[in-house]
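# Notes for the structure review
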Amino acid sequence: DQRVDVFALGICGWELLTMERLFEAQNELLVLQKLQTKVVPPPSSVNPEVPAVLDRIVLKCLAKAPDERYRSARELYRDLN
């Protein structure tokens, strides 16, 4: 559903804010394992200039449980504004 798109936007946001890859690995299987197991650090732990509000928004996008993410990009948009 739409929450997978929100997750993908969360990855893009995290990487834009930190200028690092979030789920980098040697092959696709290892990337999939990281997607399932990695605890995502807040972007500000990599880039201290990231405000706490963006940490909260990005981490909500990247929640493991789909029900904990934004239900739509529109809901995400509202928080960003």
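The structure we're discussing is the one just above.
This structure is a prediction, so every number in the text was calculated from the model and none was measured.

## Points about helix H3 (residues 52–61)
- Those residues of H3 lying buried are Asp 55, Ile 57, Val 58 and Cys 61.
- On the buried face of H3, the contacting elements are helix H1 (2–18) and helix H4 (73–80).

## Here's the deal with the side chain of Arg 69
- With respect to the element layout, Arg 69 can be found in the loop between H3 and H4.
- The charged side chain of Arg 69 is buried without a salt bridge, its nearest counter-charge being Asp 1 at 6.0 Å.
- At 2.7 Å, the side chain of Arg 69 and the backbone oxygen of Ala 63 are in polar contact.
- A polar side-chain atom of Arg 69 sits 3.2 Å from the main-chain carbonyl oxygen of Lys 64.
- Among residues more than four places away in sequence, those in contact with Arg 69 are Arg 3, Val 4, Phe 7, Lys 60, Cys 61, Ala 63 and Lys 64.

## Some words on the nonpolar core
- With eight residues, the main nonpolar core is built from Phe 7, Ile 11, Trp 14, Leu 22, Phe 23, Val 40, Val 58 and Leu 62.
- Examining the composition of this core, we find that three residues originate from one element, H1, more than from any other.
- For Val 40, the contacting residues outside a window of four places in its chain are Trp 14, Leu 22, Phe 23, Leu 59 and Leu 62.
- Grouped together as the second largest cluster of nonpolar side chains are five residues, Val 6, Ile 57, Tyr 70 and Leu 76 included.

## A word on the pattern of salt bridges
- This structure, assessed with the given rule, holds five salt bridges.
- Arg 56 is the salt-bridge partner of Asp 79, the closest N and O atoms lying 3.4 Å from each other. One end of the pair, Asp 79, is in helix H4; the other, Arg 56, is in helix H3, and 23 residues separate them in sequence.
- Note on Asp 79: relative accessible area 31%, which makes it partly exposed.
- Ionic contacts of the salt-bridge type, sharing partners, join the residues Asp 1, Arg 3 and Asp 67 into one network.

## Section: the packing of H3 against H4
- Where H3 contacts H4, the two axes come as close as 11 Å, and the packing angle between them is 170 degrees. The orientation of H3 with respect to H4, classified from their angle, is roughly antiparallel. Across the interface between the two elements, Leu 54, Arg 56, Ile 57, Lys 60 and Cys 61 from H3 touch Glu 75, Leu 76, Asp 79 and Leu 80 from H4.
- The residue inventory of the contact of H3 with H4, partitioned by class, reads five nonpolar, no polar and four charged.

Rules behind the numbers
- Residues numbered from 1 in each chain as written.
- Predicted model: local features only at pLDDT ≥ 70, side-chain atom pairs only at ≥ 80, totals over all residues.
- Heavy atoms only, no water.
- Buried < 20%, exposed > 50% of the residue type's maximum accessible area, 1.4 Å probe, protein only.
- Helix = DSSP H or I, 4+ residues; strand = E, 2+ residues; numbered from the N terminus.
- Contact = heavy atoms within 4.5 Å.
- Lys, Arg positive; Asp, Glu negative; His and termini not counted.
- Salt bridge = Lys/Arg side-chain N within 4 Å of Asp/Glu carboxyl O.
- Polar contact = N/O pair within 3.5 Å; in protein donor to acceptor, adjacent residues only side chain to side chain.
- Core = buried A, V, L, I, M, F, W, Y, C linked by side-chain atoms within 4.5 Å.
- Axes fitted to C-alpha atoms, helices over the stretch in contact; angles between N-to-C directions.
- Parallel < 35°, antiparallel > 145°, perpendicular 65-115°, else oblique.
- Nonpolar A, V, L, I, M, F, W, Y, C, P; charged D, E, K, R; others polar.

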